[in-house]
Amino acid sequence: MKLTLYTDYSLRVLLYLASAPQNNKLIQIKEIAEAYGISKNHLMKVTFHLGKLGYVETIRGRNGGLLLAKEPKELNIGELVRQTEEDFHIVECFQDHASCIISPHCKLKGVLYQATQAFISVLDQYTLADLITNKEQLTTLLFTEEKNMDKNKESKQE
């Protein structure tokens, strides 16, 4: 089972927002992109979708940014993965137009379906709050690096 980058980035955005030292401070997409070293353009698409799904509140404009729309304990990881993954067709026979000759009688299809359901079932047991029980460490990693980059920029400007 492999999650798409879209889901990975969605989870990272939520982790970043939940780890922010000040919960009510607007976070800009640029900050998140720089912290993780990923494309701002990709994150714009991800955050737009997260906003439509009700996971984040997006404030537009010059002083805009992102906030979690709900408390971390209210954001279920399994639900998020279901909403951000296009499909869970890990093998061809899960699709409507399977061409495998043994598909009608293959036992593997059932086993793989059960495995996929077990994967999602485990994710359903966790919320964003569960993933940030080490918030201090995450904050140090995500936000200290950002501060260091800001200091480097300031010293180069002097």
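The name recorded for the protein in an unreviewed UniProt entry is HTH-type transcriptional regulator NsrR, from Sutcliffiella horikoshii.

Caption draft 1: Looking closely at the packing of helix α1 (residues 5-19) against helix α3 (residues 40-53). With their axes 10 Å apart at the nearest point, α1 and α3 run at an angle of 75° to one another. For the element pair α1 / α3, the angle class is roughly perpendicular. Side by side, α1 and α3 meet where Tyr-6, Tyr-9, Ser-10, Val-13 and Leu-14 of the first sit next to His-42, Leu-43, Lys-45, Val-46, Thr-47, His-49 and Leu-50 of the second. Considering only residue class, the contact of α1 with α3 consists of seven nonpolar, four polar and one charged.

Caption draft 2: Molecular detail of the environment of Thr-140. Topologically, Thr-140 is positioned in helix α7 (residues 135-157). With relative accessibility at 47%, the residue Thr-140 sits in the partly exposed group. In this structure, the C-alpha to C-alpha distance between Thr-140 and Ala-20, residues 120 residues apart in sequence, is 9.8 Å. Within the structure, Thr-140 has its side chain in polar contact with the backbone oxygen of Glu-136 (distance 2.9 Å).

Caption draft 3: Quick look at the packing of aromatic side chains. As enumerated under the stated definition, the model contains two aromatic pairs in all. Ring centres 4.6 Å apart and planes at 40° place the aromatic pair Tyr-16 and Phe-143 in the tilted group. Placement of Tyr-16 in helix α1 and of Phe-143 in helix α7 is noted, with a sequence separation of 127 residues between them. Assessed through its relative accessible area of 0%, Tyr-16 is described here as buried.

Caption draft 4: Quick look at the nonpolar core. Judged by nonpolar contacts, the single largest core of 32 residues is most densely connected at Leu-14, Leu-17, Ile-32, Leu-43 and Leu-50. Those elements that provide at least two residues to this core are α1, α2 (29-36), α3, β2 (65-68), α4 (77-84), α5 (108-124) and α7. Per-element tally for this core: the top contributor is α1, with seven residues. Setting aside chain neighbours within four positions, we find Leu-43 in contact with Tyr-9, Val-13, Ile-29, Ile-32, Ala-33 and Ile-38.

Caption draft 5: Inspection of the side chain of Thr-7 at higher detail. Mapped onto the elements of the fold, Thr-7 is located in helix α1. Taking the relative accessible area as the measure of exposure, Thr-7 reaches 0% and is therefore buried. In this view, Thr-7 contacts Val-81, Thr-84 and Glu-85; residues no more than four positions away in its chain are not counted.

Caption draft 6: Representation of the pairing of strand β1 (residues 56-59) in the model. Where β1 and β2 come together, four bridges link them in antiparallel fashion. Its bridge partner being in β2, Ile-59 is matched across the sheet by Gly-65. Between the end of β1 and the start of β2, which pair antiparallel, lie five residues, with Gly-61 showing a positive phi angle near 110°.

Cut-offs and rules
Per chain, residues are indexed from 1 in the order of the written sequence. Residue-level local features of this predicted model are given only where pLDDT is at least 70; pairs of side-chain atoms are given and counted only at 80 or more, and the full residue set underlies all totals for whole chains, interfaces and linings. Side-chain measures here rest on the full set of heavy atoms in the structure, leaving out hydrogens and waters. Only the contacting stretch of a helix is used when fitting its axis, a line to C-alpha atoms as for every element, and angles between N-to-C directions run 0 to 180 degrees. By the criteria applied, helices consist of DSSP H or I runs no shorter than four residues and strands consist of E runs no shorter than two, each listed in order from the N terminus. These descriptions rest on fixed angle ranges, namely under 35 degrees for roughly parallel, over 145 for roughly antiparallel, 65 to 115 for roughly perpendicular, and the rest for oblique. The criterion used for residue contact is that any of the two residues' heavy atoms lie within 4.5 Å. Charged means Asp, Glu, Lys or Arg here, nonpolar means Ala, Val, Leu, Ile, Met, Phe, Trp, Tyr, Cys or Pro, and polar covers whatever is left, Gly included. Any residue under 20% of the maximum accessible area for its type is buried, any over 50% is exposed, and the rest in between are partly exposed; the area is computed with a 1.4 Å probe on protein chains only. Polar contact is defined as a pair of N or O atoms within 3.5 Å, subject to the rule that within protein one atom must be able to donate a hydrogen and the other to accept it, and that residues adjacent in sequence are counted only when both atoms are side-chain atoms. A pair of aromatic rings is counted whenever rings of Phe, Tyr or Trp (Trp by its six-membered ring) have centres within 6.5 Å, and the orientation is called stacked for planes under 30 degrees apart, edge-to-face for over 60 and tilted otherwise. For our purposes a nonpolar core is just a set of buried Ala, Val, Leu, Ile, Met, Phe, Trp, Tyr and Cys residues, chained together by side-chain atoms within 4.5 Å. Whether two strands pair depends on DSSP finding at least two bridges between them.

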